[in-house]
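# Coordinates in review
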Amino acid sequence: SMLTNLHQARFTCEDWAMAPTGQTGSIRMILTWHFHFQVRPTSPSLCIPGASWLELHPTSRLITLHRDYWDASELLAAFPGLGWLIRGVKKRIAAASHVMEKS
């Protein structure tokens, strides 16, 4: 439903790597990607980076596991009313981590 409710939604694959697991003979694969979309047809285009972890069956090569990793705050910041809140929280976290690095 996410792709149905967003506009101009598409993924671009940036890079990938693949290796056998050794134990089960399945194949592990990681993809890095960018998700491009618009919340409304007239809103600016947004881009969220992410990565997908896949495991493929050793003979059929069908996907047996699929996990996506991305920063949900990037999506939430695109919605009116939440953007200022998300940016404020991120600034506070960045400031706190900077203080921790110095100590």
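Presented here is an overview of the structure given in this document. Remember, it's a predicted structure, so these values are computed and weren't measured experimentally.

The two faces of the sheet receive side chains in turn, since in a regular strand these alternate between them. Sheet analysis places strand E2 (residues 27-38) next to strand E3 (residues 46-56), joined by eleven bridges and oriented antiparallel. Bridge pairing in E3 places Met-29 opposite Leu-54. Both E3 and strand E4 (residues 63-70) contribute to a ladder of seven bridges, which runs antiparallel. Along E4, the bridge assignment pairs Trp-53 with Arg-67. As consecutive antiparallel partners, E3 and E4 are separated by six residues, and within that stretch Arg-61 has a phi angle of approximately 65°, a positive value.

Attention now goes to the environment of Leu-31. Note that Leu-31 resides in strand E2. Separated by 26 residues in the primary sequence, Leu-31 and Asn-5 place their C-alpha atoms 24 Å from one another. Residues within four places of Leu-31 in sequence aside, it is in contact with Cys-13, Asp-15, Trp-16, Gly-50, Ala-51, Ser-52 and Leu-54.

Moving on, we come to the sheet that holds E2. The strand order across the open sheet formed by four strands is E1-E2-E3-E4, and the pairing between neighbours is antiparallel. The sheet is open, and its two borders are formed by strand E1 (7-20) and E4, each paired with just one other strand. Taken over all neighbouring pairs, the strand axes of this sheet differ in orientation by 20° on average, direction set aside. Relative to E2, E1 runs antiparallel, the two sharing eleven bridges. Within E2, the position partnered with Trp-16 by the bridge is Leu-31.

As a further point, take unusual backbone geometry. Of note, Gln-8 is a non-glycine position whose phi angle comes to about 55°, a positive value. For Gln-8, the position within the fold is in strand E1. On the basis of relative accessible area, Gln-8 is assigned to the exposed category, the value being 59%. Positioned with a positive phi, Arg-61 is a non-glycine residue whose angle comes to about 65°. With respect to the helices, strands and loops of the structure, Arg-61 is situated in the loop between E3 and E4.

What counts and how
- Residues numbered from 1 in each chain as written.
- Predicted model: local features only at pLDDT ≥ 70, side-chain atom pairs only at ≥ 80, totals over all residues.
- Heavy atoms only, no water.
- Pairing = 2+ DSSP bridges.
- Helix = DSSP H or I, 4+ residues; strand = E, 2+ residues; numbered from the N terminus.
- Contact = heavy atoms within 4.5 Å.
- Axes fitted to C-alpha atoms, helices over the stretch in contact; angles between N-to-C directions.
- Buried < 20%, exposed > 50% of the residue type's maximum accessible area, 1.4 Å probe, protein only.

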